[in-house]
Amino acid sequence: MIEKLLKKINAQKTGERDLIARAFDFAKKAHEGQRREDGEPYITHPVAVAGILADLKLDGPAIAACLMHDVLEDTKITEEEMEKEFGKEVTFLVKGVTKLAGLTYQEEPGIKAKQNLKAQSLRKMFFAMAEDIRVILIKLADRYHNMSTLRTCSPEKRKRISLETLEIYAPIAERLGMGQIKGDLEDMAFAHAYPEEYKLLLSKIKDKYADRQNYLEKVKPIVMKNLSENKIKVLDAHARAKHYYSLYKKLQKVSDLDRIHDLVALRIILPDISSCYEALGIIHKNYKPLPGLIKDYLAMPKLNGYRSIHATVFAEEGRILEIQLRTPEMHEHAENGIAAHWSYSESNKNKLHTADIKEAQWIAQLKNWLKASDNQELYQSLRTNFFNDRVFVLTPKGEVKDLPEGSTPLDFAYAVHTDLGHSTKGAKVNGRMVSFDYQLKNGQIVEIIKGKVKKPSRDWLGLVKSSEARRRIQSWFNANPKSS
Ligand code: MN
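What counts as what
- Per chain, residue numbering runs from 1 following the sequence as it is written.
- Since the coordinates come from a predicted model, pLDDT governs what is reported: local features require at least 70, and pairs of side-chain atoms require 80 or more to be given and counted, while whole-chain, interface and lining totals use all residues.
- Side-chain numbers here rest on the full set of heavy atoms in the structure, without hydrogens or water.
- Classification of ring pairs uses Phe, Tyr and Trp, with its six-membered ring standing for Trp, and accepts pairs whose centres are within 6.5 Å; under 30 degrees between planes counts as stacked, over 60 as edge-to-face, and the remaining range as tilted.
- Put simply, DSSP H or I for four residues or longer makes a helix, DSSP E for two residues or longer makes a strand, and each gets a number counted from the N terminus.
- Buried residues are those whose accessible area, probed at 1.4 Å on protein chains only, stays under 20% of the maximum for their type, while exposed residues exceed 50% and partly exposed ones sit between those limits.
- To estimate how far a helix should extend, the number of its residues minus one is multiplied by 1.5 Å.
- Here the bend at each residue means the angle between axes fitted to two seven-residue stretches, the one ending at that residue and the one beginning there.
- Here, nonpolar core means buried Ala, Val, Leu, Ile, Met, Phe, Trp, Tyr and Cys residues that are tied together by side-chain atoms lying within 4.5 Å of each other.
- Two residues form a contact once any of their heavy atoms are found within 4.5 Å.
- What makes two strands pair is DSSP finding at least two bridges between them.
- Lines are fitted to the C-alpha atoms to define the axes, a helix being fitted only along its stretch in contact, and any angle between axes, read from their N-to-C directions, falls within 0 to 180 degrees.
- Distances define the donors: N, O and S atoms within 2.8 Å of the metal qualify, as do those within 3.2 Å of Na, K or Ca. Water is excluded, so some sites may look unfinished.
- What counts as a salt bridge is simple: a side-chain nitrogen of Lys or Arg found within 4 Å of a carboxyl oxygen of Asp or Glu.
- Confidence of the predictor at the level of single residues is given by pLDDT, which spans 0 to 100.

**Considering the packing of aromatic side chains**
Next up, step 1: All chains considered together, the criterion is met by eleven aromatic pairs.
Next up, step 2: Seen from their ring centres, Tyr245 and Tyr248 are 5.8 Å apart, and the 35 degrees between their planes marks the pair as tilted. Of this pair, Tyr245 and Tyr248 are both found in helix H12 (residues 244-251), three residues apart, which corresponds to roughly one turn of the helix.
Next up, step 3: Here Tyr248 falls in the buried class, since its relative accessible area comes to 16%.

Written out as structure tokens, the structure is:
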């Protein structure tokens, strides 16, 4: 089992291979006797997850941590024992993954916008709590493998996990430019999260996909011949079928399936940018372009960094075909690259909404931060501390509150509700009583003990950090000047 993994990481340094082998032995022993829901020995899971990370070329400590990612949570092994064997870095990563296990997304009946906000905060909280991007990548790979083995779980669990995948994990993968993982996660989750819609979509498109696929098989050699006659070197050409979930989302905007031209697109990989343009010229000489449907993301990359040329043309038999042209680097970027594919399309709502602006700034921050380092160093110093001025905490019901750093239980109480703020009598953090000047930390669960009457104190003005809380306390005293 481990041989296959070690083969994948053969390119890695000798010291790292040894580290990974030791982590495997350690995890195997720790999980001895435990089984997955499908009856397989537990160790098959971390090994499969590590395989995903090895394909993404993550470093040795990340793969070692990945092999042991469930050890602290599910076995008797302690942090100290792990640190003694594997040192600080690996243990830090495992601890990070263990911490994130506590964050779950539960859909509640309510307004959609509120759900969106909740998911947005949860995603930010993931970044803030992970502290290291490798922790997020381990979580993503963990989720990927769990999704692929979901069939053995109960229907309720399948649905909950799938919704969480759609709302939290897939968008995070998208932010990190991992188009392939994002698309797969969504398609695996779609069938369980929305079984009716999934079946309906499938029945609608089954023939269409097959028809488009057949058509593309006919057109491809003709396009290839054309390009080679014009001395254009093509590295690869393949059909790209649109992922089901992304089609499902697109159909909510464009209801007519016949108006979606990229159901199956022809993707052509060319050696460099100039051959992309040359190929485009030749394609347009043979096939009339659809007005307004040439998208040159080479000259103008998407805000998310995505680069390609998308040309929609009337091809053989006068049928509409989308052709995508890109170089191997751009392709790699769009599929796996952490810094690519920052999706903007997911926030198609009113851009002026404050939450969206905040989200957009967040994307920009993450993007700049990722741009600053090339991939290698990216994996080495992957601190996700770009939220160091915010702290994310949870209500007992699991709702995320996003507060300024240094916030206290009073800030939290006012963020939940003004009345709750006014009647705060005490506060518990992770089940333990704390004082009003206690500074909240990421991931803590905060519970407010409510008094019978509203009785803010003027001292509170010196204890709160958020301007919202201060304003509310101030206005209470303005309205009740006689209170102390
Ligand atoms: Mn796991």
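**Topic: helix H11 (residues 195-229)**
Next up, step 1: End to end, H11 covers 48 Å across 35 residues, agreeing with the expected 51 Å (1.5 Å per residue, within 8%).
Next up, step 2: At Ile205, H11 is bent by approximately 45 degrees, the largest bend along its length.
Next up, step 3: Residues Tyr198, Leu201, Ile205, Tyr209, Arg212, Tyr215, Leu216, Val219, Val223, Asn226 and Leu227 constitute the buried set of H11.
Next up, step 4: At the C-terminal side of H11, Lys231 shows a positive phi close to 60 degrees.

**Focus: the nonpolar core**
When a protein is soluble and globular, its nonpolar side chains tend to lie buried together.
Next up, step 1: Counting 112 residues, the largest nonpolar core has Leu53, Met68, Leu140, Leu176, Leu247, Ile268 and Leu325 as the members making the most contacts within it.
Next up, step 2: It is H11 that contributes the most residues to this core, nine residues altogether.
Next up, step 3: If near-sequence neighbours (up to four positions away) are discounted, Leu247 is found in contact with Leu201, Ile205, Tyr209, Lys242, Leu257, Ile260 and Leu263.

**Digging into the pairing of strand E6 (residues 390-394)**
Next up, step 1: By the criterion of burial, E6 is predominantly enclosed, with four of the five residues buried.
Next up, step 2: Two strands pair when backbone bridges link them, and E6 and strand E7 (residues 400-404) are joined in this way by five bridges, in the antiparallel orientation. Counted as the bridge partner of Leu394 is Val400 from E7.
Next up, step 3: Here E6 folds back onto E7, and the loop between the two strands holds five residues, one of which, Gly398, carries a positive phi near 90 degrees.

**Remarks on the sheet that holds strand E1 (residues 236-241)**
Next up, step 1: An order of E1-E2-E5-E4-E3 is seen for the five strands of this open sheet, with the pairing classed as mixed. With partners counted over all chains shown, the strands left at the sheet margins are E1 and strand E3 (288-296), one partner each. Averaged over all pairs of adjacent strands, the angle between strand axes in this sheet comes to 20 degrees, irrespective of strand direction.
Next up, step 2: With six bridges joining them, E1 and strand E2 (residues 264-269) adopt antiparallel strand pairing. What sits directly across from His238, in E2, is Arg267.

**So, the coordination of the manganese ion**
Next up, step 1: For the manganese ion, the protein coordination sphere consists of His45 (NE2), His69 (NE2), Asp70 (OD) and Asp142 (OD), at 2.2 to 2.4 Å.
Next up, step 2: When the donor residues of the manganese ion are listed from N- to C-terminus, their spacing reads H-x23-H-D-x71-D. Placement of Asp70 in the loop between helix H4 (60-67) and helix H5 (71-74) and of Asp142 in helix H8 (residues 133-148) is noted, with a sequence separation of 72 residues between them. Per residue, the accessibility class of Asp70 equals that of Asp142, and both read buried.

**Details of the environment of Lys231**
Next up, step 1: Note that Lys231 resides in the loop between H11 and E1.
Next up, step 2: Owing to a relative accessible area of 74%, Lys231 belongs among the exposed residues under this scheme.
Next up, step 3: For Lys231 and Glu278, which are 47 residues apart along the polypeptide, the C-alpha to C-alpha distance reads 9.8 Å.

**Digging into helix H3 (residues 44-55)**
Next up, step 1: The terminal C-alpha atoms of H3 lie 17 Å apart, and with twelve residues this matches the ideal 16 Å at 1.5 Å per residue to within 8%.
Next up, step 2: Burial analysis of H3 places nine of its twelve residues in the buried class, which makes it a mostly covered element.
Next up, step 3: Within the span of H3, buried status applies to His45, Pro46, Val47, Val49, Ala50, Gly51, Ile52, Leu53 and Ala54.
Next up, step 4: Lys57 lies just past H3 and shows a positive phi near 65 degrees.

**Let's talk about the pattern of salt bridges**
Next up, step 1: Using the criterion set out here, one finds 17 salt bridges in the structure.
Next up, step 2: Among the salt bridges present, the one from Glu79 reaches Lys95, with a minimum N-O distance of 3.5 Å.
Next up, step 3: The shortest N-O distance in the salt bridge between Lys249 and Glu186 comes to 3.8 Å. On the criterion of sequence distance, the pair formed by Lys249 in helix H12 and Glu186 in helix H10 (residues 179-193) is long-range, its members being 63 residues apart.
Next up, step 4: Among the ionic contacts, a cluster of salt bridges with common partners joins Arg240, Lys242, Lys250 and Asp262.

**Examining the confidence of the model for the protein**
In low-pLDDT segments, the atomic positions of the prediction should not be examined closely.
Next up, step 1: In this model, the protein carries an average pLDDT of 82, and 84% of its residues clear a pLDDT of 70 or more.
Next up, step 2: Scored below 50 in pLDDT, residues 339-362 makes 59 contacts in the model with residues more than four places away or belonging to other chains.
Next up, step 3: Within the model, pLDDT remains below 50 along residues 372-383, and this stretch shows 21 contacts once partners closer than five positions in the same chain are excluded.

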